[in-house]
Amino acid sequence: MAEEYAGPIIQMRHVDKHFGQLHVLKDINLEVAKGEVVVLIGPSGSGKSTLCRTINRLETIDSGEILFQGVKLPEEGKELAALRAEIGMVFQSFNLFAHKTILDNVTMGPVEVLHRPRKEAEAEAMELLARVGVAEQAAKVPAQLSGGQQQRVAIARSLAMHPKAMLFDEPTSALDPEMINEVLDVMVELARQGMTMVVVTHEMNFARRVANRVVFMADGQIVEQNTPDEFFDHPQSERAKDFLDSIKGH
Amino acid sequence: MSANVVSMRDALYEAPGPKTRRRVKIGTAVSIVALIALLAFVIRQFYINDQLNPRYWSFFARWTTWRFLLTGFLGTLRVAFTAGIIAMALGLLLMLGRISSVKPLSAVCHVITDLFRSLPSLLLIYFFFLVIPKYGLKMPSFWMITVPVALAASGVLAEVFRAGVNAVPKGQTEAAMSLGMTHGKIMAKIVLPQALRIVVPSLISQLVVVVKDTTVAYVVSYPDLMQNARVLISNYDALVSMYFVVALIYIAINYATNRFSIYLAHRSGTKVISRTEENPV
Ligand SMILES: Nc1ncnc2c1ncn2[C@@H]1O[C@H](COP(=O)(O)OP(=O)(O)O)[C@@H](O)[C@H]1O
Ligand SMILES: [Mg+2]
């Protein structure tokens, strides 16, 4: 069964997608192995978010196929919901449930989706919140937390589902600079523990520290991919060189 | 809920400085003088027109007058409360149908919503009072007023709820989807509670409209507050004094409606962020 599945966790084959006239994903082929950390990088509008979101089908695709643990993504209904429950997602804008306490945000998935007893879910939620360093905020609502704290709660909320893989879409882009590291540290820790991760980010230090592979996208295509050190020190394509120059300028 | 919610008032106005405080004081004094003058004028007009004559007021000392008004008051409450509940439930259903991905259902709910919304409630009442009985469906006068008032309000409430649902950021739904929540659960646990919070002010205005709509109950001879007041008016020939008292009662009902809605919203874990909370109408 799924536990014994040894192939790549995520497989994208010849994936194409349009937004109207706009060709946002062009023949994407990508595999992510169990425990691998893949960093997606590229200019704004190159399709990184869209690619990330097709993996748990927040975006549909026009053609090609996407497999999760060797099985094609279900298209709808309970099967799709069950698939999404296995893939964690962390958004740029946190998207914590605004009307719920921090604790309730983290127990929402386990209680409503996995039907775990509330007491048990709360005990685990408190452990997770402690792990990301926001346990003392459990009774507050999201608006009372800083951006960095909210994003760490969002990570805890995903972890509460015991995901097989996690997607991060620019998790630190909306944060004040002094809060970026508190979030990255949590992600580094996750990577060390063997979590399979796809991370859209421009944080080069993070990529160098934990990424197994950097995938560079431009105009909806994967232009090149390499180990972080190779990619950042010796980019092959002109576009990657230009892009790296532009972000190093900051 | 002790969130650091910035009230609308705080957001709109800075803390007053010394000059502003002086101006506020002067403004307050001027308004009080104006109010007293207005009140004096009204009393004077009453006096000139002999409306202060005890014969227009003495019957308010009788228990039977109040009992009759109380009966009407309870009638109004019964109609308004029932119509309000039906309107909210139906409005919610119409909205859910309208935003459903099942196209025919959505189209039907859209048409019904627009129909109820655009027909004057009085026309709906006449329909239930004059047309439906012709086809053999006899209902008590209570339902003849309650159902049309509820239908009229449900159309507006469906739109109010829909505006609320649309105002919930898309990221909330996406986060819930990514946890593996199903469509129905997302609606019930994530979207509707937040949509409700957003629409509480409009919801209150609409429930006040429901209370006001019940005043045409005399059309179907249902003994509501207004109908009973009219009976008393013709008995005692006391138009102004009676309308004056009845107006005060309606204001009290609507004030209570306001507080009750906010109380309900609070109980459902909803933070109401609006001026209504600070300055009930
Ligand atoms: N829902 C949408 N509808 C139409 N166009 C979209 C939508 N989402 C993204 N796009 C467009 O698709 C392109 C790729 O977007 P995105 O995947 O967000 O890029 P990135 O994350 O790399 O900045 C952009 O040109 C963007 O404007
Ligand atoms: Mg993006």
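Predicted, not measured: the structure shown is a model, and the values here were computed from it.

Our focus in this paragraph is the overall build of chain A. A count of helices and strands for chain A gives 9 helices and 10 strands. What you see for chain A is a C-alpha radius of gyration of 18 Å, in line with the 18 Å of a compact globule of 250 residues. Seen along its three principal axes, the alpha-carbon backbone of chain A occupies a region of about 55 × 40 × 35 Å. Per-residue burial for chain A yields a buried fraction of 56% across its 250 residues. When contacts within chain A are restricted to residue pairs at least 6 apart in sequence, long-range pairs at least 24 apart make up 65% of them. Split by element, the accessible area of chain A, about 10,900 Å² in all, is 48% carbon and sulfur.

Glycine aside, the phi torsion of most residues is negative, and most peptide linkages are trans. The phi dihedral of A:Asp27 falls on the positive side, at around 45°, and the residue is not glycine. Mapped onto the fold, A:Asp27 is located in strand E2 (residues 22-32). A relative accessible area of 41% means that A:Asp27 is categorised as partly exposed. A positive phi angle, near 55°, is found at B:Asp237, a position not held by glycine. Among the structural elements, B:Asp237 can be located in the loop between helix H10 (225-236) and helix H11 (239-267).

What follows concerns the interface of chain B and chain A. If you look at the interface, chain B gives 21 residues, while chain A gives 25 residues. Around 2,000 Å² of area is buried between chain B and chain A when both sides are counted, 60% of it from carbon and sulfur atoms. Among the residues of chain B in contact with chain A, B:Glu174, B:Ser178 and B:Leu179 are the three that bury the most area, contributing 28% of the side total. Counting every contact that joins chain B to chain A gives 3 salt bridges. Between A:Arg53 and B:Glu174 there is a salt bridge, with its nearest N and O atoms 2.7 Å apart. Here chain B and chain A share 8 residue pairs in polar contact (both at pLDDT 80 or more) between them.

Residues and elements named next belong to chain A. As a matter of local geometry, ligand 1 sits amid Phe 19, Leu 22, Val 24, Pro 43, Ser 44, Gly 45, Ser 46, Gly 47, Lys 48, Ser 49 and Thr 50. One of the backbone nitrogen or oxygen atoms of Gly 45 is found 2.7 Å away from an oxygen atom of ligand 1. Side-chain polar atom of Thr 50 to an oxygen atom of ligand 1: 2.5 Å apart, as the coordinates give it. Look at ligand 1: alone it shows 560 Å² of surface, and the protein chains cover 59% of it.

Attention now moves to a nonpolar patch on the surface. All names here are of chain B. A cluster of nonpolar residues, Leu 122, Tyr 126, Phe 127, Leu 130, Val 131 and Tyr 135, forms a patch on the protein surface that exposes about 600 Å² of accessible area. Summarising the element assignment, Leu 130 is placed in helix H6 (residues 121-134). You can call Leu 130 partly exposed: its relative accessible area is 45%.

This part covers the sheet that holds E2(A). Residue and element names in this part refer to chain A. Ordered in space as E2-E1-E4-E5, the 4 strands form an open sheet in which the pairing is antiparallel. Sheet topology places E2 and strand E5 (71-72) at the edges, where each strand pairs with a single neighbour. Bridge count between strand E4 (residues 63-68) and E5: 2 bridges; the pairing is antiparallel. Looking at E5, one finds that Leu 67 is bridged to Lys 72.

Turning next to the packing of helix H7 (residues 141-167) of chain B against helix H9 (residues 183-213) of chain B. Residues and elements named next belong to chain B. Interhelical geometry of H7 versus H9 gives an angle of 140° and a closest axis separation of 8 Å. Overall, the two elements H7 and H9 adopt an arrangement that is oblique. In this structure, H7 meets H9 at a crossing whose hand is right-handed. Across the interface between the two elements, Ile 145, Val 149, Ala 153, Val 156, Leu 157, Val 160, Phe 161, Gly 164, Val 165 and Ala 167 from H7 touch Met 187, Val 191, Leu 192, Ala 195, Leu 196, Ile 198, Val 199, Ser 202, Leu 203, Gln 206, Val 210 and Asp 213 from H9. Looking at the contact of H7 with H9 residue by residue, the classes come out as 18 nonpolar, 3 polar and 1 charged.

It is worth spelling out the domain arrangement of chain B at this point. Parsing chain B into structural domains produces domain 1 (16-49) and domain 2 (61-277). The distance between the C-alpha centroids of domain 1 of chain B and domain 2 of chain B comes to 36 Å.

This paragraph deals with helix H9 (residues 238-248) of chain A. All names here are of chain A. Inspection of H9 places Ala 240, Phe 243, Leu 244 and Ile 247 among the buried residues, and these make up the whole buried set. For H9, the buried positions fall inside an angular range of 100° around the axis, keeping them on one side. When the buried face of H9 is taken as reference, the exposed residues oriented beyond 90 degrees from it are Glu 238, Asp 242 and Asp 245. Where H9 is buried, its residues contact strand E3 (37-41), helix H7 (204-210), strand E9 (213-218), strand E10 (221-226) and helix H8 (228-233).

All right, on to the pattern of salt bridges then. What the rule picks out here adds up to 19 salt bridges over all chains. Where A:Glu59 meets A:Lys17, a salt bridge forms, and the shortest distance between an N and an O atom there is 4.0 Å. Here A:Glu59 is found in the loop between helix H1 (48-55) and E4, whereas its partner A:Lys17 is found in strand E1 (residues 10-19), with 42 residues between them in sequence. Residue classification places A:Glu59 among the buried positions, given a relative accessible area of 15%. We classify A:Lys17 as buried; its relative accessible area is 5%. Within the structure, one salt-bridge network assembled from shared partners comprises A:Lys17, A:Arg53, A:Glu59, B:Lys170 and B:Glu174.

The rules behind these values
Residues numbered from 1 in each chain as written. Chains lettered and ligands numbered in written order. Predicted model: local features only at pLDDT ≥ 70, side-chain atom pairs only at ≥ 80, totals over all residues. Heavy atoms only, no water. Helix = DSSP H or I, 4+ residues; strand = E, 2+ residues; numbered from the N terminus. Rg over C-alpha atoms; globule rule 2.2 N^0.38 Å. Buried < 20%, exposed > 50% of the residue type's maximum accessible area, 1.4 Å probe, protein only. Contact = heavy atoms within 4.5 Å. Areas by Shrake-Rupley, 256 points an atom, 1.4 Å probe, with all protein chains shown as cover. Buried area = accessible area lost by both parts, 1.4 Å probe. Salt bridge = Lys/Arg side-chain N within 4 Å of Asp/Glu carboxyl O. Polar contact = N/O pair within 3.5 Å; in protein donor to acceptor, adjacent residues only side chain to side chain. Near = heavy atom within 4 Å. Patch = residues over 30% accessible without salt bridge, like charges linked within 9 Å, V, L, I, M, F, W, Y side chains within 5 Å. Pairing = 2+ DSSP bridges. Axes fitted to C-alpha atoms, helices over the stretch in contact; angles between N-to-C directions. Parallel < 35°, antiparallel > 145°, perpendicular 65-115°, else oblique. Left-handed = near helix turned anticlockwise from the far one by under 90°. Nonpolar A, V, L, I, M, F, W, Y, C, P; charged D, E, K, R; others polar. Domains from an automatic or database assignment. Arc of directions from axis to C-beta.

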